[in-house]
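As a plain string of letters, each chain reads:
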Amino acid sequence: MGSLFRSEEMALCQLFLQSESAYTCVSELGELGLVQFRDLNPDVNAFQRKFVNEVRRCDEMERKLRYLEREIRKDGIPVLDTGENPEAPIPKEMIDLEVKFEKLENELKEVNSNAEALKRNYLELTELKHILKKTQVFFDEAMYPPNLPYDQDVYFDDDERVNLLTDSSLHHLKHIGFVAGVILRERIPAFERMLWRACRGNVFLRQAEIEDPLEDPTTGEQVYKSVFIIFFQGDHLKMRVKKICEGFRATMYPCPEAPADRREMAMGVKTRLDDLNTVLSQTQDHRHRVLVSAARNIRAWMMKVWKIKSIYHTLNMFNLDVIQNGLIAECWIPVANLEDVQLALRRGTEKSGSLPAILNRMNTPEAPPTFHRTNKFTKAFQTLIDSYGVATYREINPAPYTIITFPFLFAIMFGDLGHGMIMALFGAWMVWREKPLSAKKTDNEIWNIFFGGRYIIFLMGLFSMYTGLVYNDVFSKSINIFGSSWHGNAYNDSTILENKELTLDPGDTKQYDQYPYPFGLDPMWQISNNKINFFNSYKMKISIIFGIVHMLFGVILSVWNHRFFNRPLNIYCEFIPQLIFLTFLFVYLILLVFHKWVWYGAGGDSSVSPNCAPSILITFINMVLVKPYQEKSEGDKCSPYMFAGQFGIQRFLLIVALFCVPWMLCAKPFFLHRANKRRQLVMQANGGEGVIEEGGAEAAAAAVGTEEQHDMSEVMIHQGIHTIEYVLGSVSHTASYLRLWALSLAHAQLSEVLWGMVLRIGLIAGGKGGGIVMYLIFAIWASLTVAILVLMEGLSAFLHTLRLHWVEFQSKFYGGTGYAFVPFAFETILDQAENTVVEQ
Amino acid sequence: MGADAIPVGVVTGFWAVVGIVFPFIVPKGPNRGVTQVVLALTASTCWLFWLLCYMHQMNPLFGPQLHNTTVLAIQYLWDGSLTLDNLTTENPSSVSSTSATDDSFSTTETAF
């Protein structure tokens, strides 16, 4: 049997590593990814482990690299992902890396702080520039109050020669001081109010907005500011005004009174600004260059650091062998890969040039981890099974069968050629574009789930197309390929005109061809009124039949487990009565269904006519309730029985099936009890012959006796639970499979509603606007189809078929008490580390 | 039996080839066992599904109930036993009486 049918054989091995080669060997094993190490120091604190310093150094390096990455991302430089997988560097190289990162970090920090100082300077100069410009405005308004008519010529002529404080209008105010500055625009109203209150209205504030936003040096965001100028008289007010300005964090600038001075200052500011601009751009260039050169290697560095850290974490799990100056490790290795592990170890020891590592296989009663070797296709189905419970070590794995039964049971519930095609195309697209889509790492949970299950979705779509063909359902319409077996020829015009409803008679050869539609359901049913009756009986029967076949398959799988684990007792005391119970009752039910399909029909003998066909459900109930034999009444052509001897056969089947229950319940405990007794006798006999102290034999026997009684009660309880679960389960699980019918009916009805109430309106709409109406209606119909019928119904059917597998199928044979094999592999570690980075 | 030999033979033959013949020609490799199981399961489940549908329709116990307008449509579209001149020339009075069945016409679904 291939490896997927049963989990791999695992071996617990002890590894002796020399101190020099330990690092390289673990690195090689990490690349191989087939070894699961056990933590030999579980009670040791993380801070007391041997290699805690190295781990700390790795954390430091990671922090520096993350800082670099943030800066690179801030500047929008693309990080090159060559897809290369660098090897973990040796400890000597680690020091080189540390030095390099330290240097880069310091350089970047220095550049950043320089840039900040320069930007602050730049901001001050810009604000000063705006102040010098805006005070012109104040001056103009002081010269020409708004309510006086403006004389254009005078306006342009005099501004050069007039002071900020002209004598003409303000000559009676002496010793007027002023303060000019810049403040955030949002703070102006509060600033004004504060000034008014504090100075009792004795100061005069003018303000003008600066149109362009200025860059705040620390945060880097753009803020809007305004220029203000405050006029006051006296030192007292000056102090107050200055204090208020400081409180509101307004920056004040010295503004000269004379316009000539102002102009000179403005020119000086301009030259300084230009110089600063050049210096700033050069600083930014330098920073950009540093970051670009770092961006080229940053991915490789990150991977190296992650690998080093994981190697040291693993080394922390080892025991120190003081005598031989080496490290001891315990690990689980699949037996099939022991050779590969030996080769990896040899490579590691060759690299570091020391004595070879020793691999010892150990025997242990402990349960090994469960390892299923999967590829990208089978991985998804294995995940489905493992979500319920990881298989017990070396028991039968349901996953290879699930590859087909899961999409198939889904398809029975989803059967529609149109919706199946949508699903299959979606799955096919994801499979076709696997590589580029998986390279894109997103933290969008829903997309990751869909993409992880791309093969499942693809198969579900394909099978749904097949069942859609058989159900003859394409977006709730049927397709007539072969020609219907039903015909309306037998009715003449008057019959048609007089009767609103006409039912075709299967007995009449003119109305029914006597041969069914070759592939799938006849298209005539889709346009009939009583199609629900027909579909119900059909779908219920197929649900029950597939359910019983699925469960029977599960029961039969348990034989392989019993044979592998060498438990013949289970075969005779559990498997055989289970099989007989299921077969004699439920496979008989299936046979009744087949018999009725073949035997009863219209157009034949009256005893097998449709009105004589007995209900299988009633027959089955009568069988189980042990109803007495029903005599056929006089003159009644119909018999309640389908074939001769049915009553007798049913009685026999029922009795044998009922007998299986005590068989399941008592046989195994009885045999175990007998085996215990025999062992006890053997032990007593040995005890008498051997040299044992007097009370020893009795004590041993007494101990065995209590232990055995304890075991027996446990065995009885366990067996009782198992029997009740199986017997009750066989009925309830069989009925549970009727969900296949229920969901299929719901899907068909929803599909019909969407067509009849949405799309039909568009199809019927005529006239000039009909095309536009159809266009809009189609959009609505299509989005509802995808959202409700494909997504919602698909999810619902997925869940139901998952439940059918987990509960109804696996309860017949599956243990599921194992734990998964999690090897030390760089691939998984790097993936996890990258995903946490993406989430950030 | 209401079974026809050709459909049964063709479908059974197809799935028999998929489920019984193909597993023997699966190339050797680590996935041989799984591929064989996949082929066999696909063939058996799909064939059984088709068979159940076929057998259910072999000897139907009742027939489809149709609107009279649907019967007319079927006679015209599928059976070809009705031509349009039949309606107009034979029963001129029927034109008025079909209006009585107009309300049913709007709910007829057409299959194509």
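Please refer to the structure placed before this passage.
Thresholds, definitions, all that
- Residues numbered from 1 in each chain as written.
- Chains lettered and ligands numbered in written order.
- Predicted model: local features only at pLDDT ≥ 70, side-chain atom pairs only at ≥ 80, totals over all residues.
- Heavy atoms only, no water.
- Salt bridge = Lys/Arg side-chain N within 4 Å of Asp/Glu carboxyl O.
- Helix = DSSP H or I, 4+ residues; strand = E, 2+ residues; numbered from the N terminus.
- Buried < 20%, exposed > 50% of the residue type's maximum accessible area, 1.4 Å probe, protein only.
- Disulfide = S-S within 2.5 Å.
- Contact = heavy atoms within 4.5 Å.
- Buried area = accessible area lost by both parts, 1.4 Å probe.
- Polar contact = N/O pair within 3.5 Å; in protein donor to acceptor, adjacent residues only side chain to side chain.
- Pairing = 2+ DSSP bridges.
- Axes fitted to C-alpha atoms, helices over the stretch in contact; angles between N-to-C directions.
- Parallel < 35°, antiparallel > 145°, perpendicular 65-115°, else oblique.
- Left-handed = near helix turned anticlockwise from the far one by under 90°.
- Nonpolar A, V, L, I, M, F, W, Y, C, P; charged D, E, K, R; others polar.
- Phe/Tyr/Trp six-rings, centres within 6.5 Å; stacked < 30°, edge-to-face > 60°.
- Lys NZ or Arg CZ within 6 Å of the ring centre and 35° of its normal.

Peer 1: I keep staring at the pattern of salt bridges and nothing clicks. Help me out?
Peer 2: Side chains carrying opposite charge are able to pair once their charged atoms draw close together. Residues and elements named next belong to chain A. For the structure on display, the rule yields 32 salt bridges over all chains. Linking E28 and R347 is a salt bridge whose minimum nitrogen-to-oxygen distance equals 2.9 Å. Remark: R347 occurs in helix α9 (residues 338–352) and E28 occurs in helix α1 (residues 19–32); sequence separation between them is 319 residues. For E28, a relative accessible area of 6% puts it in the buried group. Linked through salt bridges whose partners overlap, the residues forming this network are E60, R63, K64, E102, E105 and K109.

Peer 1: Looking at this model, I keep getting lost on the state of the cysteines. Mind explaining?
Peer 2: Covalently bonding the sulfur atom of one cysteine to the sulfur atom of another cysteine gives a disulfide. Residue and element names in this part refer to chain A. Evaluation of the coordinates by the stated rule reveals one disulfide over all chains. A sulfur-sulfur distance of 1.6 Å marks the disulfide that ties C612 to C638. Judged by the torsion about the S-S bond (-70°), the C612/C638 disulfide is left-handed. Here C638 lies in the loop between α19 (616–624) and α20 (646–689) and C612 lies in the loop between α18 (568–599) and α19, a separation of 26 residues in the sequence.

Peer 1: Would you mind showing me how to read the interface of chain B and chain A here?
Peer 2: Reports of interface size often rely on the accessible area that becomes lost once the parts have come together. Contacts between chain B and chain A engage 57 residues on the former and 73 residues on the latter. Of the roughly 6,000 Å² buried between chain B and chain A on both sides combined, carbon and sulfur atoms contribute 67%. On the chain B side of the interface with chain A, the three residues burying the most area are B:F49, B:H56 and B:Q65, jointly 13% of the side's total. Between the two partners, chain B and chain A, sit 26 residue pairs in polar contact (both at pLDDT 80 or more). Residue assignment for the side of chain B that touches chain A shows that the elements contributing at least two residues are α1 (5–21), α2 (32–58), β1 (65–67), α3 (68–77) and α6 (102–105) of chain B.

Peer 1: Can you help me understand the pairing of strand β10 (residues 326–334) of chain A in this one?
Peer 2: Regular strands have side chains that alternate between both faces of the sheet. Residue and element names in this part refer to chain A. Counting buried residues in β10 gives nine out of nine residues, a clear majority hidden from the surface. The side-chain alternation of β10 yields two buried faces, one formed by G326, I328, E330, W332 and P334 and the other by L327, A329, C331 and I333. The pairing of strand β1 (residues 10–18) with β10 spans nine bridges and is antiparallel. The partner of Q18 across the bridge, within β10, is G326. Looking at chain direction, strand β2 (residues 36–37) and β10 are connected through two bridges and run antiparallel.

Peer 1: Help me out: how do you make sense of the packing of helix α6 (residues 188–198) of chain A against helix α7 (residues 235–247) of chain A in this one?
Peer 2: Relative placement of two packed helices is described by the angle separating their axes and the distance separating the axes. Residue and element names in this part refer to chain A. Between α6 and α7, the shortest axis-to-axis distance is 11 Å and the interhelical angle comes to 155°. Judged by the angle between their axes, α6 and α7 are roughly antiparallel. Relative to α7, α6 is oriented so that their crossing is right-handed. In contact with F191, M194, L195 and A198 of α6, α7 contributes R240, V241, I244 and C245. Residues belonging to the contact of α6 with α7 are distributed by class as follows: seven nonpolar, no polar and one charged.

Peer 1: When you look at the packing of aromatic side chains in this model, what are you seeing that I'm missing?
Peer 2: Residues and elements named next belong to chain A. Using the criterion set out here, one finds 55 aromatic pairs over all chains in the structure. Judged by centre distance (5.2 Å) and plane angle (65°), the rings of F101 and W301 are edge-to-face. A residue pair is termed long-range when its members are at least 10 positions apart, and F101 in helix α3 (residues 91–143) and W301 in helix α8 (residues 259–316) qualify at 200 residues. By relative accessible area, which is 0% here, F101 ends up buried. According to the relative accessible area criterion, W301 is buried, its value standing at 7%. Connected via pairs of aromatic rings, a cluster forms that spans F5, Y401, F553, F809, F813 and Y814. A cation sits over an aromatic face here: R433 above W432, 5.4 Å from the ring centre.

Peer 1: What is the right way to read the side chain of B:H56 from this model?
Peer 2: Position of B:H56 among the secondary structure elements: in helix α2. For B:H56, a relative accessible area of 6% gives the class buried. Here the side chain of B:H56 touches A:S537 through a polar contact of 3.1 Å, side chain to side chain. Among residues more than four places away in sequence, those in contact with B:H56 are A:F534, A:S537, A:Y538, A:K541 and A:W597.

Structural measurements only, silent on function.
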